[in-house]
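These are the residues of each chain, in order.
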Amino acid sequence: MAVKTSEQYYDSLKVLHPTTYILGEKVQNPHEHPLIKHMLAGVAKTYGLSHEPEGKRYLVAESKLIGEEVSRFVKFFESPDDLLAKVRMLKFLTQRIGTCVMRCTGMDAINSVGVEVYNCDKKYGTNYWERLLNFVKLIQKNDFVVFSGVTDVKGDRSLRPSEQKDPDMYLHVVDKDSGGIVVRGAKIHQTGSLCAHWGLIVPTREMREPDKDYAVCFAVPVDAEGVIHVYGRGTLEARALEDCDLGNVEYSKFAPMVIFNDVFVPWERVFLCGEYEFAGPMVRNFGNYHRHSHGGCKCGVGDVLVGAAAAAAEYNGLTGVSHINSKLAEMLKTVEAIYGCSIAASVEAEPTESGIYMVDPVLSNTSKLYEGKELHEAIRLMIEIAGGMVADMPSEKDMENPDIGPLLKKYLKGADNVPTEDRMRLFRFIEKLAFESRDIVSNIHGAGSPETHRMTVLRNADIESKKKLAKNLAGIKEGSGSL
Ligand SMILES: Cc1cc2nc3c(=O)[nH]c(=O)nc-3n(C[C@H](O)[C@H](O)[C@H](O)COP(=O)(O)OP(=O)(O)OC[C@H]3O[C@@H](n4cnc5c(N)ncnc54)[C@H](O)[C@@H]3O)c2cc1C
């Protein structure tokens, strides 16, 4: 049977030696590292469940390609039922693992690439489809985990790949001969790269003729020479390192940065090389599939959120971009509404018998309700504007490491006039603004829980008088007796 048990999965990792840096240190056995073992446990659980009667129904399918039962994670979507089965499988798994299972990006990538290499062969007579089938047979027979390498570091976002000052800001072909190609660049936020056996590398955007060296798709073992995984630090490492207070104790998700330092890829594993018109459709397919697989003093803080978002856009090279300006306007709307309701609550204050004024309770509680709900929308917009690096940027210690520090300084650069250190400092600050638990929870529960705010609004809003207004305008004369 081609479906591995969890023990076989753990065994299969023993022969892999991916070059890995974690918090500034080169790590010899990354799979045993306390920060990584929780990642492996979730993936191992998906293997284990495949051998239980209920799990097998969700996770195992017949492959036409190899004529054997295989994991759905390495199967093509061959019918609407396959896509339904994928959704049901993911639901089944996350119900039991409680976090990302880190195998679906590879599944979605295999399918997205498949659609386009087929089209490319038809147009140019290339033999990418056959190569892809051979690769898929390999991963089906061995039940390998594949991570999808889509997102490039991208440098100045306003510039196309071929326009970047540093040509390596998008992964590209730097050499080729009769044996294969040599690629250079870096893919960031690579979910499960250290739980995987292979990476399937896909262009991150549409390409034009001048970008054709960047229109490259290939498969590579995670421990190929020149492939470097740099762990992106999140917010809960101390707990994982102490093995304590983890919450969901067993499982976790991480997304390292993967640097391709002149990596050789034999032609048999290359699935696109220069046919730039297929890069866009490939990544759009991926997006469609992957989305399928996946929802007072605070106005001062809100001003900082707006400022941080605007600065991130500037550091990404995106000053004056219209959709970013419109998001900044939405954030300002929320911040000013929080502020405005508090101002109005003061203006509409009424004296109590003591002579002390009481704020308008509806307006002050409305301000708080905006804070509890809409400020989170502002935080969401700040993250949307800034980008994924808010989640898992390599550590400052990695920057100090003489082997990878210079590579990180190069690949984490955005707009040309902004030092990489400033960009990293800003993103670390945004991470804190977005995820510091005391701030985030106080937006909701500070000054009482939201339900008390709603109750106070309702109690003071005089709904009966508002009903009368509506009925009068509708010409309803209650109590007239007529039907
Ligand atoms: C936890 C996590 C896991 C992930 N897992 C994976 C994975 O497994 N594989 C993978 O490949 N990727 C993965 N990603 C990456 C994810 O797909 C990217 O974060 C996402 O595509 C956004 O890219 P970015 O972070 O570079 O942000 P950016 O592209 O910098 O976007 C930031 C903002 O700038 C805007 N923008 C960007 N370029 C332009 C432009 N030219 N003009 C106008 N506006 C622009 C965007 O719309 C956005 O509002 C993951 C990300 C996270 C956070």
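Basis of the calculations
Residues numbered from 1 in each chain as written. Predicted model: local features only at pLDDT ≥ 70, side-chain atom pairs only at ≥ 80, totals over all residues. Heavy atoms only, no water. Pairing = 2+ DSSP bridges. Helix = DSSP H or I, 4+ residues; strand = E, 2+ residues; numbered from the N terminus. Axes fitted to C-alpha atoms, helices over the stretch in contact; angles between N-to-C directions. Contact = heavy atoms within 4.5 Å. Disulfide = S-S within 2.5 Å. Buried < 20%, exposed > 50% of the residue type's maximum accessible area, 1.4 Å probe, protein only. Salt bridge = Lys/Arg side-chain N within 4 Å of Asp/Glu carboxyl O. Domains from an automatic or database assignment. Near = heavy atom within 4 Å. Polar contact = N/O pair within 3.5 Å; in protein donor to acceptor, adjacent residues only side chain to side chain. Areas by Shrake-Rupley, 256 points an atom, 1.4 Å probe, with all protein chains shown as cover. Core = buried A, V, L, I, M, F, W, Y, C linked by side-chain atoms within 4.5 Å. 1 Å grid on protein atoms, 1.4 Å probe; cavity = no way out; pocket = protein on both sides within 12 Å on 5 of 7 lines; lining within 4 Å. Points joined across faces, edges and corners; volume = space filled by probe spheres on them. Nonpolar A, V, L, I, M, F, W, Y, C, P; charged D, E, K, R; others polar.

1. Thoughts on the sheet that holds strand S9 (residues 216-221)
Taken in spatial order, the 4 strands make up an open sheet running S5-S8-S9-S12, and their pairing is mixed. Since the sheet does not close on itself, it has two edges, and those belong to strand S5 (146-149) and strand S12 (270-273), each with one partner. On average, adjacent strands in this sheet sit at an angle of 20 degrees to one another, irrespective of strand direction. As judged from the 4 bridges shared by S5 and strand S8 (residues 198-201), these two strands associate in the parallel manner. Bridge pairing in S8 places Phe147 opposite Gly199. Packing of helix H5 (residues 104-124) onto the sheet brings it into contact with S5, S8, S9 and S12, and relative to S5 it is tilted by some 60 degrees. Those strands touched by helix H6 (residues 128-142) are S5, S8, S9 and S12, and its axis lies near 145 degrees from that of S12.

2. Some remarks on the state of the cysteines
The full count for this structure, using the stated rule, is 0 disulfides. Cysteine Cys104 shares no disulfide, and the gap to the nearest cysteine sulfur, in Cys100, comes to 5.8 Å. Given a relative accessible area of 10%, Cys104 falls into the buried group. The closest cysteine sulfur to the non-disulfide-bonded Cys341 is located on Cys299, 11 Å from its own sulfur.

3. What to know about the pattern of salt bridges
Throughout the structure, instances matching the rule amount to 31 salt bridges. Measuring nitrogen to oxygen at the nearest pair gives 3.9 Å for the salt bridge that ties Arg233 to Glu237. Relative accessible area serves as the criterion here: at 29%, Arg233 is assigned to the partly exposed category. Across the pair Glu330 and Lys333 runs a salt bridge, and its minimum N-O distance is 3.0 Å. A residue pair is termed a helical-turn pair when its members lie 3 or 4 positions apart in one helix, as Glu330 and Lys333 do in helix H10 (residues 322-347) at 3 residues. Residue Glu330 is classed as partly exposed on the basis of its relative accessible area of 40%. Connected through salt bridges with shared partners, the residues Asp166, Asp168, Arg184, Asp262 and Lys410 form a single ionic network.

4. Here's the deal with the domain arrangement of the protein
Its domain assignment divides the protein into domain 1 (6-293) and domain 2 (298-387 + 436-473). A C-alpha centroid distance of 41 Å is found between domain 1 and domain 2.

5. Looking at the site of the ligand
What surrounds the ligand is a group of 21 residues, the closest being Thr151, Arg157, His189, Thr191 and Gly388. In the environment of the ligand, a nitrogen atom lies 2.8 Å from a nitrogen or oxygen atom belonging to the side chain of His323. Look at the ligand: alone it shows 970 Å² of surface, and the protein chains cover 68% of it. Among the elements of the structure, S5 and helix H11 (361-386) are those that each provide at least two residues to the shell around the ligand. The biggest single contributor to the shell around the ligand is H11, with 3 residues.

6. Concerning the environment of Trp198
Looking at the element boundaries, Trp198 is found in strand S8. By relative accessible area, which is 11% here, Trp198 ends up buried. Not counting chain neighbours up to four residues away, the residues in contact with Trp198 comprise Phe135, Leu138, Ile139, Phe144, Val145, Val146, Phe147, Ala219, Val220, Pro221, Val222 and Arg269.

7. Focus on the nonpolar core
Counting 123 residues, the largest nonpolar core has Val183, Leu200, Met257, Phe260, Met331 and Met382 as the members making the most contacts within it. Counting residues per element, this core draws most heavily on helix H9 (residues 298-315), at 9 residues. Counting contributing residues, this core receives three or more from each of domain 1 (6-293) and domain 2 (298-387 + 436-473). Counting 17 residues, the second-largest nonpolar core is a separate cluster that includes Phe77, Leu90, Ile97 and Tyr251.

8. Quick look at the sheet that holds strand S1 (residues 19-22)
Spatially, the 6 strands line up as an open sheet ordered S2-S1-S10-S11-S7-S6, and their pairing is mixed. The open sheet has two free edges, formed respectively by strand S2 (25-27) and strand S6 (172-176), since each of these has just one partner strand. Across this sheet, the average inter-strand angle for adjacent strands is 20 degrees, counted without regard to direction. Note that strand S7 (residues 180-187) and strand S11 (residues 257-266) share 7 bridges and pair antiparallel. Considered in S11, the bridge of Gly185 is made with Phe260.

9. Re the layout of surface pockets
In this approach a probe as big as a water molecule rolls over the atoms, and the regions it shows empty are the leftover space. Reported here for the second largest pocket is a volume of approximately 450 Å³. Taken together, 21 residues form the lining of the second largest pocket, with Met393, Pro394, Ser395, Glu396 and Arg428 sitting closest to its centre. Elements that contribute at least two residues to the lining of the second largest pocket include exactly helix H7 (237-242), helix H13 (396-400), helix H14 (405-411) and helix H15 (420-435). Of the residues in the lining of the second largest pocket, the class split is 8 nonpolar, 4 polar and 9 charged.

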